[in-house]
Amino acid sequence: MDINQELHQFLLNRARNLTEEWYDSLDKSGTAGVYSSNDPAVIKTLKEQNYEFHIHFCEVLVKDEEAFFKDFDEWIIKIAKDNEHLKTPIHYIIKEFMRVRQQYLDYINEFVSIHPEDIEQLQIEEWNRVMIKVFDNVMLQFIEETHKYSTNRLKAQQELLNELSSPVISLNNDTALLPLVGDIDTARAKFILENTLNQCVQKGIGHLFIDLSGVVIIDTMVAHEIFQLIDALDLVGVKTTLSGIRPEIAATAVQLGLSFDKVSISSTLAQAMDFNNEQKGNSN
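First, a word on what this report is: a plain description of the structure on this page. Everything numeric here is computed off the predicted structure, so don't read it as measured data. (Residues numbered from 1 in each chain as written. Predicted model: local features only at pLDDT ≥ 70, side-chain atom pairs only at ≥ 80, totals over all residues. Heavy atoms only, no water.)

**Comments concerning the sheet that holds strand S3 (residues 207-214)**
Link 1 in the chain: Pairing is mixed across the open sheet formed by five strands, whose spatial order is S1-S2-S3-S4-S5. Of all strands in the sheet, those with a lone pairing partner are strand S1 (169-170) and strand S5 (263-266), marking the two edges.
Link 2 in the chain: Where S3 meets strand S4 (residues 239-243), five bridges bridge the pair, whose relative direction is parallel. Residue Ile210 lies in a different strand from S4, and its bridge partner there is Leu242.
Link 3 in the chain: With respect to the sheet, helix H8 (residues 186-203) is in contact with S1, strand S2 (175-181) and S3, its orientation differing from that of S2 by roughly 165 degrees. (Pairing = 2+ DSSP bridges. Helix = DSSP H or I, 4+ residues; strand = E, 2+ residues; numbered from the N terminus. Contact = heavy atoms within 4.5 Å. Axes fitted to C-alpha atoms, helices over the stretch in contact; angles between N-to-C directions.)

The following block contains the structure:
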């Protein structure tokens, strides 16, 4: 049998031992996240994940690097998306990768001691080089996948938060309210423009009240986006009423030279709605 295949089988036969030795030596009080859990289900899953790692990793001795990583990618992506690992600080995860790497280097030494006459020093150095290189690549890929997944999840959560924090609330068949609260940056302002326009068209809104009383600060870019929204709404036949405009917001709009021709203004939302009801009453 080829010496690489012998080492592969040697490590494969000890995969369960590698997992148990690793977990037994884990400093549960000096770590956090998945490694410090007392939940039997979490511990069982963690051990199975570690065991699966060994089953995959041993293949590095009998496969070329490209084929190895192609097969190993699934495990890396699965762990990068695992909720318990996502709740674990990344430096603790890297620390455990490094401890497992040392396990492999120790087991190589044990294998060499069993075959002292059959293995040359160059072969030992090559095994060590491969182990270190592949572990480094696995750690880097894990970090990249974790970052990618976390970024995508954060983006989805932010989009949901934006949607929930800028709702178009129907008041009757053709009238709706858009209450804006909190800080509005340029990204949120763009979302508000797109979401509000779509909601008004879908709901058949003819008049939209935009209340700014819950907004403390609006910079020039955000003010510009809000007036772009008003222009866009006007193009699709939606009249707008602004209420709750703070002095600093009004000053920003004036400095930008923004036109109020396409929007009616009320100091408070209550006044805006009362005036709208009066107009409807007079028209009837």
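**What about the packing of helix H2 (residues 15-24) against helix H6 (residues 90-114)?**
Link 1 in the chain: One way to put it is that H2 packs onto H6 with a least axis distance of 11 Å and a crossing angle of 130 degrees. By the criterion of interaxial angle, the relationship of H2 to H6 is oblique. Of the two possible hands of crossing, H2 and H6 adopt the one that is right-handed. Contact with H2, carried on its side by Asn17, Leu18, Glu21 and Trp22, involves Glu96, Arg99, Val100, Gln103, Tyr104 and Tyr107 of H6 and no other residues of that element. (Parallel < 35°, antiparallel > 145°, perpendicular 65-115°, else oblique. Left-handed = near helix turned anticlockwise from the far one by under 90°.)

**Comments concerning the pattern of salt bridges**
Link 1 in the chain: All told, the structure shown has 12 salt bridges when counted by the stated rule.
Link 2 in the chain: For Glu48, the salt bridge identified is with Arg16, shortest N-O distance 3.1 Å. Here Arg16 lies in helix H2 and Glu48 lies in helix H3 (residues 40-57), a separation of 32 residues in the sequence.
Link 3 in the chain: Overall, the relative accessible area of 42% leaves Arg16 in the partly exposed class.
Link 4 in the chain: Salt-bridge contacts for Glu225 lead to Lys190; the nearest nitrogen and oxygen are separated by 3.0 Å. Highlighted residues: Glu225 in helix H9 (residues 220-235) and Lys190 in helix H8, separated in sequence by 35 residues.
Link 5 in the chain: Judged by relative accessible area, which is 6%, Glu225 ranks as buried.
Link 6 in the chain: Where salt bridges share partners, they join Glu59, Lys63 and Asp71 into one cluster. (Salt bridge = Lys/Arg side-chain N within 4 Å of Asp/Glu carboxyl O. Buried < 20%, exposed > 50% of the residue type's maximum accessible area, 1.4 Å probe, protein only.)

**As for the side chain of Thr88**
Link 1 in the chain: Considering the arrangement of structural elements, one finds Thr88 in the loop between helix H5 (83-86) and H6.
Link 2 in the chain: You can call Thr88 buried: its relative accessible area is 5%.
Link 3 in the chain: Here the side chain of Thr88 touches Glu84 through a polar contact of 2.8 Å, landing on its backbone oxygen.
Link 4 in the chain: Sequence-distant contacts of Thr88, defined by excluding residues within four places in its chain, comprise Ala32, Gly33, Val34, Tyr35 and Ile93. (Polar contact = N/O pair within 3.5 Å; in protein donor to acceptor, adjacent residues only side chain to side chain.)

**Here we look at the side chain of Asn50**
Link 1 in the chain: Tracing the backbone through its elements, the reader meets Asn50 in helix H3.
Link 2 in the chain: For Asn50, a relative accessible area of 9% gives the class buried.
Link 3 in the chain: Side-chain polar atoms of Asn50 contact the side chain of Thr19, separated by 2.8 Å.
Link 4 in the chain: In this structure the side chain of Asn50 is engaged in a polar contact, spanning 2.9 Å, whose partner is the side chain of His54.

**Some remarks on the pairing of S3**
Link 1 in the chain: Of all the eight residues making up S3, six are buried; the element is thus mostly covered by neighbouring parts of the structure.
Link 2 in the chain: With six bridges joining them, S2 and S3 adopt parallel strand pairing. Residue pairing in the sheet places Val181 in a bridge with Gly214 of S3.
Link 3 in the chain: After leaving S2, the chain enters H8 and then returns to the sheet as S3, a path that is right-handed.
Link 4 in the chain: Crossover connection from S3 via H9 to parallel S4: handedness right-handed. (Right-handed = clockwise from strand over helix to strand, strands pointing away.)

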